[in-house]
Amino acid sequence: MGVARGVTAAIILMLVGQQAVAAELAQAASVLQAGTAVTEWPNPWQVRLRALGVITEDSGYVNTVPGSGLSYSDTVVPELDISYFFTDNIAAELILGTTYANIEGQGAIGALGNIGKVWLLPPTLTLQYHFTDFGEFKPYVGAGVNYTIFYNQDAGSADALKVKNTFGTALQVGFDYMVDQHWGVNFDVKKLFLKPDFDVTVDGAKLTGKADLDPWLIGAGVTYRF
């Protein structure tokens, strides 16, 4: 009888212990779930669509022609950019858009008028720092590089024109104002340092030069954070 009572007590203690362990595990799981919900990171992807004003500097020259100058047309075009946030503060942004420029002779070559027209595709990658201490107002600064591709090049008064693809650098400042968790409005200013070389043929004479475009890119649009 004493042995039976001992076995029964041991079984009861074992069952009570198992129930206590199960209760503790359930409580720990609920705490972990709550902690996960609190510390869950937002989706790192963000896109923007902007209307972009491209304002070039009217500078450049033809080699061997003293006093020569160049000017370029300004445009307004759409722009798409895609951002990835590594942290709340650090993001990379890929900027996509295309535009064109009419090239005009100035100074000693002003009589040439419209030398030609080229289209530009300047994909730009910037690394940004986002300030997060201002609530819905989220300013940022950035710097990066671009590689500009010149295509659909048409000569005007020149016999032939070839603007060469080139690397450049970029500086950026802007802000988002978030209306809710996903949607916001954006204002952004970028400065590209872009000085491509070109070849041009005028009246059978082959010449070279440099086009100092260095455009300002001023944009406004909408932001969507996934």
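Scroll up for the structure.
Computed from a predicted structure; not experimentally measured.

Here we take up the packing of aromatic side chains. Enumeration according to the criterion identifies 11 aromatic pairs in this entry. Considering the side-chain rings of tyrosine 100 and tryptophan 119, the 5.2 Å spacing of their centres and the 55° angle between planes classify their relative orientation as tilted. Of this pair, tyrosine 100 sits in strand E6 (residues 99-107) while tryptophan 119 is found in strand E7 (residues 114-121), placing the two residues 19 residues apart along the sequence. The exposure class assigned to tyrosine 100 is partly exposed, which follows from its relative accessible area of 28%. Each residue in the set Phe134, Phe137, Phe175 and Phe187 is aromatic and connected to the rest through ring pairs, giving one cluster. When the ring centre of phenylalanine 85 is taken as origin, the NZ or CZ atom of arginine 225, which lies over that ring, is 4.2 Å away.

So, on to unusual backbone geometry. In the Ramachandran plot, asparagine 152 falls in the positive-phi region, its phi being about 45° despite a non-glycine side chain. Of note, asparagine 152 is situated in strand E9 (residues 137-155). One non-glycine residue, aspartate 214, lies in positive phi territory at about 40°. Within the element layout of this structure, aspartate 214 appears in the loop between strand E14 (205-212) and strand E15 (216-225). Its relative accessible area of 6% is what places aspartate 214 among the buried residues.

Within the fold, phenylalanine 150 resides in strand E9. Between the C-alpha atoms of phenylalanine 150 and leucine 120, which are 30 residues apart in sequence, the distance is 4.7 Å. For phenylalanine 150, the contacting residues outside a window of four places in its chain are Val118, Trp119, Leu120, Val163, Lys164, Asn165, Thr166, Pro196 and Leu213.

The next point concerns the sheet that holds E14. Backbone-to-backbone hydrogen bonds join strands into a sheet, with any given pair of strands oriented parallel or antiparallel. Strand order in the open sheet formed by 4 strands is E2-E14-E13-E10, and the pairing between neighbours is antiparallel. Edge positions in the sheet fall to strand E2 (59-62) and strand E10 (160-163), since each has one partner strand and no second. Strand-to-strand twist of the sheet, defined as the mean angle between neighbouring strand axes without regard to direction, takes the value 20°. The pairing of E2 with E14 spans 4 bridges and is antiparallel. Looking across to E14, one finds that glycine 60 is bridged to alanine 211.

Conventions adopted
- Throughout, a residue's number is its position along its own chain's written sequence, starting from 1.
- Note on the predicted model: pLDDT of at least 70 is required for a residue's local features to be given, and 80 or more for side-chain atom pairs to be given and counted; whole-chain, interface and lining totals, by contrast, use all residues.
- The side-chain quantities take in all heavy atoms of the structure and omit both hydrogens and water.
- The aromatic pairing rule takes the rings of Phe, Tyr and Trp, using the six-membered ring of Trp, and pairs them if the centres are within 6.5 Å, calling planes under 30 degrees apart stacked, those over 60 edge-to-face and the rest tilted.
- To qualify as a helix, a DSSP run of H or I must reach at least 4 residues; to qualify as a strand, a run of E must reach at least 2; elements of each kind are numbered from the N terminus.
- The buried label goes to any residue with under 20% of its type's maximum accessible area, the exposed label to any with over 50%, and the partly exposed label to all in between, with areas taken from a 1.4 Å probe on protein chains only.
- Criterion for a charge above a ring: Lys NZ or Arg CZ within 6 Å of the ring centre, and within 35 degrees of the ring normal.
- We call two residues in contact when some of their heavy atoms are within 4.5 Å.
- When DSSP locates at least two bridges between a pair of strands, those strands are taken to pair.
- Orientation is described by lines fitted to C-alpha atoms, with helices fitted over the stretch in contact, and by angles between N-to-C directions that extend from 0 to 180 degrees.

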